[in-house]
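# Structure at a glance
Each chain, letter by letter, is given below.
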Amino acid sequence: MKLTDAFGRDITYLRLSVTDRCDYRCVYCMAEDMVFLPRAQVLTLEESIEICEAFAELGVNKIRITGGEPLVRRGITTLFEQVGQIDSLNELTLTTNGSQLSKYAQELAQSGVKRINVSLDTLDPEQFTDLTRFGKLQDVLEGIEAARDAGIERVKLNAVILRNRNLDQVLPLVEYALAHELDISFIEEMPLGQVTEHGRQSEFCSSSELRELIGQQYNLSPSDHETGGPSRYWSIAGSGSKIGFISPHSENFCSSCNRVRVTAEGKLLLCLGNENAVDLKAVIRRYPGEREKLKQVIVDAMTVKPEKHHFYEDDAPQIIRFMNATGG
Ligand code: SAM
Ligand code: SF4
């Protein structure tokens, strides 16, 4: 059994959210007064591991652990240790805000994590605290260093750029990435959940605008570098760093989609920009230990994977779940 959807796309990549909680409240991701899931509704670590094993048996060869903030989930290193032992996986990775990386980098590296994504939208300490509502920039910078020291080979920065907040940080972030030999991807903000502090449309910066801005200072050329993700990469002459652009609005990448997500409450979400989902937690809790049953439900779910995302309907955002609930 392998996973192929109704449009002939092979699904080989799982993004698994281990919590909807976070120690930050980034303004584009969460409202200030979020209500989080009751613990009993969140997958246990054992259930999460079971899901990873089932997907691996179905040909998934890359798993990204995400959240909320994955490193605030208690016992998370056990999950990395166990999932890291699945032989057929080519890659186990995570997306983190970096706040706890100093503490966990060593254990992550020991579990076989070789590449990680760290979200970093600004190098200005005040702006950082403003954007994250709680965060301290220094923690993240130290976390990135700890990851490199622990032997994690590739650190990629992810930056969401909002026109009236951190557009001025694009060039400093590129400079930082080049100086530290990191890759960096710029992400167009997506209208997931209702945020109150800014209008999504007025803050929008397209990838092409950012490329033009970077191009004024650096010699950018398109690269054929591929990670199987939605980033389209550019390189800068004389540097090994890749500059990526994730453009859910302006450059649709759905035709090559190879991924599905499992939310913290065990919903198999077939597309970030649609609500089609199948409840895997209900299957696991109803039929504990019945791996074949779980696999069959996952295989069947592929038939409802939509062809492409629809963020807006008649100009109004149509996805009401926040990014932290989805698993970024
Ligand atoms: N807490 C971790 C982090 O921040 O890296 C992992 C989860 S977070 C939801 C994953 C990624 O989603 C982050 O890079 C974040 O910047 C991005 N993100 C969150 N809300 C977004 C939105 N509305 N549009 C685009 N990207 C968003
Ligand atoms: Fe937390 Fe990541 Fe969302 Fe920021 S983007 S609030 S760090 S989950």
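Whatever comes next refers back to the structure up there.
Overview of the structure.

### Concerning the overall build of the protein
- When its secondary structure is counted, the protein shows 11 helices and 14 strands.
- The C-alpha atoms of the protein give a radius of gyration of 19 Å, which matches the 20 Å a tight globule of 328 residues would have.
- In terms of principal-axis extent, the alpha carbons of the protein reach across some 55 × 50 × 40 Å.
- Going through the 328 residues of the protein one by one, you find that 57% of them count as buried.
- Long-range contacts, defined as pairs at least 24 residues apart, comprise 73% of the intrachain contacts of the protein with a sequence gap of at least 6.
- Carbon and sulfur atoms form 47% of the exposed surface of the protein, whose accessible area is close to 14,300 Å².

### Re the site of ligand 2
- Around ligand 2, the neighbouring residues are Cys22, Tyr24, Arg25, Cys26, Cys29, Met30, Gly68 and Asn97.
- Grouping the amino acids of the shell around ligand 2 by side-chain chemistry returns 5 nonpolar, 2 polar and 1 charged.

### Observations regarding the state of the cysteines
- According to the stated counting rule, one finds 0 disulfides in the structure shown.
- With no disulfide of its own, Cys254 lies closest to Cys271 among cysteine sulfurs, the gap being 6.0 Å.
- Since its relative accessible area comes to 6%, Cys254 is described here as buried.

### Describing the nonpolar core
- In this structure, Phe55, Ile65, Leu120, Phe186, Leu268 and Ile298 are the most contacted members of the largest nonpolar core, which totals 90 residues.
- For this core, the leading source of residues is helix H1 (residues 45–57), giving 7 residues.

### A closer look at the site of ligand 1
- In the vicinity of ligand 1, 19 residues are found, and the nearest of them are Tyr28, Gly68, Thr96, Ser119 and Met190.
- Measuring from an oxygen atom of ligand 1, one finds a side-chain N or O atom of Ser119 at 2.5 Å.
- A distance of 2.7 Å separates a nitrogen atom of ligand 1 from a polar atom in the backbone of Met190.
- In the complex, the protein chains occlude 95% of the 550 Å² of accessible area that ligand 1 would expose alone.

### Focus on helix H2 (residues 76–83)
- Buried within H2 are the following residues: Ile76, Thr77, Leu79, Phe80 and Val83. Projected down its long axis, H2 carries its buried residues within an arc of 155°, all on one side.
- Residues of H2 that are buried sit in contact with strand S1 (13–17), H1, strand S2 (62–66), strand S3 (91–96) and helix H3 (101–110).

### Overview of the environment of Leu58
- Structurally, Leu58 can be placed in the loop between H1 and S2.
- For the pair formed by Leu58 and Lys2, sequence separation is 56 residues and the distance between their alpha carbons is 4.7 Å.
- Non-local contacts of Leu58, meaning those with residues more than four positions away in its chain, are made with Met1, Lys2, Leu3, Lys295, Ile298 and Val299.

### Details of the pairing of S1
- Burial analysis of S1 places 5 of its 5 residues in the buried class, which makes it a mostly covered element.
- Alternating positions in S1 separate into two faces, Tyr13, Arg15 and Ser17 on one and Leu14 and Leu16 on the other, with burial throughout.
- Bridging between S1 and S2 involves 5 bridges; their strand directions are parallel. When the bridges of S2 are listed, Arg15 appears paired with Arg64.
- Assessed by its sense of winding, the connection that carries the chain from S1 through H1 to S2 is right-handed.
- Taken together, the 4 bridges between S1 and strand S10 (residues 259–262) define a ladder with parallel strand orientation. Its bridge partner lying in S10, Arg15 is registered against Arg261.

### So, the packing of helix H6 (residues 170–179) against helix H8 (residues 207–215)
- The contact between H6 and H8 brings their axes to 10 Å, and the two run at 65°. For the element pair H6 / H8, the angle class is roughly perpendicular. The handedness of the crossing between H6 and H8 is right-handed. Residue-level inspection shows Val170, Leu171 and Val174 of H6 in contact with H8, the latter providing Leu210, Leu213 and Ile214.
- Of the residues contributing to the contact of H6 with H8, the split by class is 6 nonpolar, no polar and no charged.

### Section: unusual backbone geometry
- Although it is not a glycine, Arg133 adopts a positive phi angle of roughly 65°.
- According to the relative accessible area criterion, Arg133 is buried, its value standing at 15%.
- Positive phi is not limited to glycine here, since Glu181 has a value of about 55°.
- Glu181 gets classed as exposed once you look at its relative accessible area, which sits at 58%.

### Concerning the environment of Val304
- Positionally, Val304 belongs in the loop between helix H10 (291–301) and strand S13 (312–313).
- Distance in space between the C-alpha atoms of Val304 and Asp5 is 7.8 Å, their sequence separation being 299 residues.
- Beyond its immediate chain neighbours, meaning those up to four positions away, Val304 contacts Leu270 and Asn276.

About the thresholds
Residues numbered from 1 in each chain as written. Chains lettered and ligands numbered in written order. Predicted model: local features only at pLDDT ≥ 70, side-chain atom pairs only at ≥ 80, totals over all residues. Heavy atoms only, no water. Helix = DSSP H or I, 4+ residues; strand = E, 2+ residues; numbered from the N terminus. Rg over C-alpha atoms; globule rule 2.2 N^0.38 Å. Buried < 20%, exposed > 50% of the residue type's maximum accessible area, 1.4 Å probe, protein only. Contact = heavy atoms within 4.5 Å. Areas by Shrake-Rupley, 256 points an atom, 1.4 Å probe, with all protein chains shown as cover. Near = heavy atom within 4 Å. Nonpolar A, V, L, I, M, F, W, Y, C, P; charged D, E, K, R; others polar. Disulfide = S-S within 2.5 Å. Core = buried A, V, L, I, M, F, W, Y, C linked by side-chain atoms within 4.5 Å. Polar contact = N/O pair within 3.5 Å; in protein donor to acceptor, adjacent residues only side chain to side chain. Arc of directions from axis to C-beta. Pairing = 2+ DSSP bridges. Right-handed = clockwise from strand over helix to strand, strands pointing away. Axes fitted to C-alpha atoms, helices over the stretch in contact; angles between N-to-C directions. Parallel < 35°, antiparallel > 145°, perpendicular 65-115°, else oblique. Left-handed = near helix turned anticlockwise from the far one by under 90°.

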